[in-house]
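Examination of the molecular architecture
Given next are the chains, with one letter for each unit.
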Amino acid sequence: MSSLSADLQAALPEPICRAARLSRFLARMLDSRPWLAERLTQSIDQPLDADAMRAFLAGQEAASTPELALRPGLRHLRTWVLCHLIVRDLCGRADLTEVTETMTVLAEVAVRHAHDVLRAALVQRYGLPLSATGWEQELLIIGMGKLGGRELNVSSDIDLIFIYPEDGDTGGTKVISNFEFFERLGKQLIQALAEITEHGQVFRVDMRLRPNGDSGPLVGSFDMLENYLITQGREWERYAWIKARVLAGERWQELENIARPFIFRKYLDFGAINAMRDLHAQIRREVARRDRANNIKLGPGGIREIEFIAQVFQLIRGGRDAALQIRPTLKVLSLLPERGILSAEAVRELAAAYDFLRRLEHRLQYLDDAQTHDLPSSTADQALIAQGMGYADYPAMLEVLDRHRALVSRHFDAVFGDPSEEDHSLDAVWKGAADIEQASAALGELGYRHPRAGAERLAAIQSGPRYKQLPNNIKSRFDALMPRVIEVAATTPGADDTLARCLDLLEAIGRRGAYLALLQQYPQALRRVADLVGASRWAAQYLTRHPILLDELLDPRTMEAAPDWPRFREGLTADLAALEPDTERQMDVMRERHHAQEFRLLTQDIAGLLTVEKLADHLSELADIMLDVTLPLVWRKIKIRHREDPKFAVISYGKLGGKELGYASDLDIVFLYDDEAPEAAEAYGRLAQRTNTWLSSHTAAGQLFETDLRLRPNGESGFIACSLEAFREYQLKSAWVWEHQALTRARFSAGDRALGAAFERIRNEVLRLPRELDPLRAEVLAMRHKMRDAHGGKSALFDLKHDRGGLIDVEFLIQYLVLGHSHSHPELTGNLGNIALLRMTGELDLIPAPLARACADSYRHLRRLQHRQRLNDQKSQVDPDEAESARKPVLELWKHVFGE
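None of the values given here were measured: they were computed from a predicted structure. (Residues numbered from 1 in each chain as written. Predicted model: local features only at pLDDT ≥ 70, side-chain atom pairs only at ≥ 80, totals over all residues. Heavy atoms only, no water.)

Time to look at the overall build of the chain. Each helix and strand counted, the chain has 40 helices and 14 strands in total. Dimensions of the chain along its principal axes, counting C-alpha atoms only, are 115 × 75 × 55 Å. Going through the 900 residues of the chain one by one, you find that 55% of them count as buried. Total accessible area computed for the chain in this model is approximately 38,600 Å², and 50% of it derives from carbon and sulfur atoms. (Helix = DSSP H or I, 4+ residues; strand = E, 2+ residues; numbered from the N terminus. Buried < 20%, exposed > 50% of the residue type's maximum accessible area, 1.4 Å probe, protein only. Areas by Shrake-Rupley, 256 points an atom, 1.4 Å probe, with all protein chains shown as cover.)

Turning next to the packing of helix 23 (residues 472–490) against helix 24 (residues 495–509). The interhelical angle for the contact between helix 23 and helix 24, taken along N-to-C directions, is 155°, at an axis separation of 8 Å. In terms of axis orientation, helix 23 runs roughly antiparallel to helix 24. By crossing handedness, the relation of helix 23 to helix 24 is classed as right-handed. Residue-level contacts link Phe 478, Leu 481, Met 482, Val 485, Ile 486, Ala 489 and Ala 490 of helix 23 to Ala 495, Thr 498, Leu 499, Cys 502, Leu 503 and Leu 506 of helix 24. For the contact of helix 23 with helix 24, the class distribution of residues is twelve nonpolar, one polar and no charged. (Axes fitted to C-alpha atoms, helices over the stretch in contact; angles between N-to-C directions. Parallel < 35°, antiparallel > 145°, perpendicular 65-115°, else oblique. Left-handed = near helix turned anticlockwise from the far one by under 90°. Contact = heavy atoms within 4.5 Å. Nonpolar A, V, L, I, M, F, W, Y, C, P; charged D, E, K, R; others polar.)

Attention shifts here to the environment of Val 415. Structurally, Val 415 is set in helix 18 (residues 394–416). Given a relative accessible area of 5%, Val 415 falls into the buried group. Filtering out sequence-adjacent residues up to four positions away, Val 415 remains in contact with Ile 273, Ile 309, Val 312, Phe 313, Leu 342 and Gln 521.

Turning next to the nonpolar core. In terms of nonpolar packing, the biggest core is built from 239 residues, with Leu 30 and Trp 241 touching the most fellow members. Once residues lying within four places of it in the same chain are set aside, the contact partners of Leu 30 are Leu 4, Leu 8, Leu 12, Ile 16, Ala 20, Leu 36, Ala 37 and Leu 40. (Core = buried A, V, L, I, M, F, W, Y, C linked by side-chain atoms within 4.5 Å.)

On the surface, Arg 125, Lys 174, Arg 184 and Lys 187 cluster together into a patch of positive charge. Within the secondary structure, Arg 125 sits in helix 7 (residues 96–126). Overall, Arg 125 belongs to the exposed group, its relative accessible area being 52%. (Patch = residues over 30% accessible without salt bridge, like charges linked within 9 Å, V, L, I, M, F, W, Y side chains within 5 Å. Salt bridge = Lys/Arg side-chain N within 4 Å of Asp/Glu carboxyl O. Lys, Arg positive; Asp, Glu negative; His and termini not counted. Charge placed at Lys NZ, Arg CZ, Asp CG, Glu CD.)

This part is about the packing of aromatic side chains. Taken as a whole and assessed by the stated rule, the structure comprises 21 aromatic pairs. Between Phe 181 and Phe 182, the aromatic rings sit 5.3 Å apart at their centres with planes inclined by 85°, giving edge-to-face as the arrangement. Pair check on accessibility: Phe 181 and Phe 182 agree, each one buried. Here the aromatic rings of Trp 635 and Tyr 684 are separated by 5.6 Å at their centres, their planes lie at 15°, and the arrangement is stacked. A residue pair is termed long-range when its members are at least 10 positions apart, and Trp 635 in helix 30 (residues 612–636) and Tyr 684 in helix 32 (residues 680–696) qualify at 49 residues. Neither Trp 635 nor Tyr 684 differs from the other in exposure class; each is buried. (Phe/Tyr/Trp six-rings, centres within 6.5 Å; stacked < 30°, edge-to-face > 60°.)

With twelve residues, helix 5 (residues 50–61) extends 17 Å between its outermost C-alpha atoms, agreeing within 8% with the 16 Å of an ideal straight helix rising 1.5 Å per residue. Among all positions in helix 5, only Met 53, Phe 56 and Leu 57 are buried. Each buried residue of helix 5 sits inside an arc of 95° when the element is viewed along its axis, so together they form one side. Tucked into the core, helix 5 has its buried residues touching helix 4 (34–43), helix 6 (66–90) and helix 7. A distance of 3.3 Å separates the backbone nitrogen of Asp 51 from a side-chain oxygen at the start of helix 5, and that oxygen is part of Asp 49. (Expected span 1.5 Å × (residues − 1). Arc of directions from axis to C-beta. Polar contact = N/O pair within 3.5 Å; in protein donor to acceptor, adjacent residues only side chain to side chain.)

A separate point is the pattern of salt bridges. Taken as a whole and assessed by the stated rule, the structure comprises 61 salt bridges. A salt bridge links Glu 349 to Arg 410; its shortest N-O distance comes to 3.5 Å. Taken together, the residues span a long stretch of sequence, with Glu 349 in helix 16 (residues 344–366) and Arg 410 in helix 18 at a distance of 61 residues. The class for Glu 349 is buried, based on a relative accessible area of 18%.

Here we come to helix 29 (residues 583–606). The terminal C-alpha atoms of helix 29 lie 34 Å apart, and with 24 residues this matches the ideal 34 Å at 1.5 Å per residue to within 8%. Within helix 29, 19 of the 24 residues are buried, leaving the element largely enclosed by the surrounding structure. Phi turns positive one or two residues past the end of helix 29, at Gly 608, with a value near 80°.

Our next topic: the environment of Ile 306. Within the secondary structure layout, Ile 306 lies in helix 14 (residues 303–317). Sequence separation between Ile 306 and Leu 333 is 27 residues; the distance between their C-alpha atoms is 9.1 Å. In contact with Ile 306, other than residues within four places in its own chain, are Thr 329, Leu 333, Leu 350, Ala 353, Tyr 354, Leu 357 and Val 408.

The next point concerns the pairing of strand 2 (residues 140–143). Side chains Leu 140 and Ile 142 project from strand 2 onto one buried face, and the interleaved Ile 141 and Gly 143 project onto a second face that is buried too. With four bridges connecting them, strand 2 and strand 3 (residues 158–164) associate as antiparallel partners. Its bridge partner lying in strand 3, Gly 143 is registered against Leu 160. Sheet topology places strand 2 next to strand 7 (residues 245–248); three bridges connect them, and they run antiparallel. Bridge pairing in strand 7 links Ile 141 to Ala 248. (Pairing = 2+ DSSP bridges.)

Quick look at the state of the cysteines now. Put plainly, two cysteines are in a disulfide when a covalent bond ties their sulfur atoms together. If you walk through the whole model with that rule in mind, you get zero disulfides. Not part of a disulfide, Cys 83 finds its nearest cysteine sulfur in Cys 91, a span of 13 Å. (Disulfide = S-S within 2.5 Å.)

Another aspect to go through is unusual backbone geometry. The phi torsion of most residues other than glycine is negative, and most of the peptide bonds are trans. The peptide bond linking Glu 580 to Pro 581 adopts the cis configuration, its omega dihedral lying at 10°. With phi around 70°, Asn 714 is a residue other than glycine that occupies positive phi space.

So this is what it looks like as structure tokens:
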């Protein structure tokens, strides 16, 4: 079992002897390196860090030159560190994190030390490598794989890539190109680490992950790397580059800026599932060919499958979720439950399996310092491994191992299984879509009410140029998806409409393989798409305009969880700050986040989980947040600004002001400032203009809001930003009655809170002015008649908004009551919403209380009807009979107040 001599065993502490019984490599090192026993005895009580390793190397160089000490010094260091880890791990003093971190630090110290020594010698001979403009150049050494992820195992090779910034020549008397300089440095570095000498080896070095692999140059410039990744980079290389980390070199940020767009797409890249499924299939075929099912890294349920699960979600979402752009496998997994990607239980099982498999991996390698992942075949080695893992015998350990591997395989298949792998019963319907009669008959059997129209649409798609021009890989996804769309649409209440809307969506996303892959991979998402678009034409159009929202349908929590607006604001603010100064990306992210939140509310709304009033509250708060987040972003981008924080506010009117915002409502807003600085008017005018542009511009991600600024003092002829003092003076001296009516629904939405409070004081002051009721009544009626003449009574249908007894009549009634009676009843100035104000006017005996309650119910009912029409993308017009009961109280109250 152990080759330790009796004398050596007697001299060593028990933990070292115990570990040597489980590791032949440790026993050999102790027998053949007399210096090791004493050093281990002194070090095993504490973990090793980089300082301790560098101190060891410094001691090796003390009696020699750096170049002469380099190879033996690094090999002695590796022997000490590995033996130190073997003792601490096998005696239960080191967890997995300590083992992998210590091995990673060893590689970093060794690589950096060898680089520094060898580079100094080359510089002495050839001079410094310089760019064409005379700047000193460096070799950036990139650690890939487990080295990059700080997960290095104890007998691992290291995957490296060598990159230098710019071409040029050295500045010495003997001139060579930068390429030649760094190629020589790279070759010498590999030899210093990988050469097997009488002292052993530091690390095997694998350079096959560099551009073009073994056939490519050993080193390359930034320009070469960027060109390669753009023009030739393959899917498996994206997977490999996730773990890339610069070990040596100061210009690492530039390198990351080159690699990041290649690794992480701006969009949700569900096509990565298919690519990684193919890569895994290749690995499994190789495992089967070599009969290596007992390989705990590459075999079923092994370490690689856990890594694939973590990394596929990085590839899919990392471009839009920067938190996922990290390297360690366990840390990535820990982020997935809170994002609704994997369950907490699944992550716990995967993490436990990962820990078990990695510790088992190390014990296999401790036997002889061999880079193996195969379970041993000899009973003696099996007993050593079981003992090292803490089990009574090998069968007991195998039972636990098999349980872990089965769980990993189950989770892997859940992520990477191909739902479209099997033939579908409706494949023939899509493949034979050109035969309209046959397709029509099939659709009729499925329950479609207008099967011929559906069949004609399928035939038109299949024969159309858009479908025919699809690349083969995307066309195969489209073909696999279409029978499933036909099937799931048929199960919805309005099957024909659902199918038509689903086909609109598929045609819109047809060339974007990632979205087809999402629907192909996740049948539950396709089911929810069908339910959503079947229930609402507006939802179907919204999803078609913003297909990136398909991802929202994967998380069932979107149907249940109430919005956490403070958390949303905090996260959005932090993400936008991290994108500074990229204005284009910031604008896109704001639109994407707003659309996602709006879509989540839409799914809850259609599911009947939200009242119209609660939905409007959420949409209004969301709009307030977007306004409030926009102001500091825009202000920071104004180069000439006279203060750090603007004394500036956004005042909302209309639907937003009354917290009755709908899905596609415009924002009626006014910009105010309160600042006596001479440059204030110009600065805040610029801020207002740019804020409006920020909100209303169409970008690749769409638009945030349509805005209407005409309610500002003097309307379109007035300044876009108005001082608080000028606003007050205008409201008191120049405003029309209709402008005071609008003020009843105005409120502070965003910006400086002190300024917002000042606005509220002015608003209260204006609304509480004493007014004679008869002239006020005449003004309000004149304005209502003007609006009704322009919009009402133009159809046999009842216009919910404009016709007599509709929503605007209710709003005018409330505005009149507020303006006419706030002087005596200041509580009416509160921005409480129309329903609450109706109830309050009844309680104050300004109108009959029963009629007030009836009108409030009518207002609710009319809003629900309006909301229903919007969801189906229809005008706010309904059959008069449907609204008759709601109109009656409104008409009665109108007659009571206005006498007509």
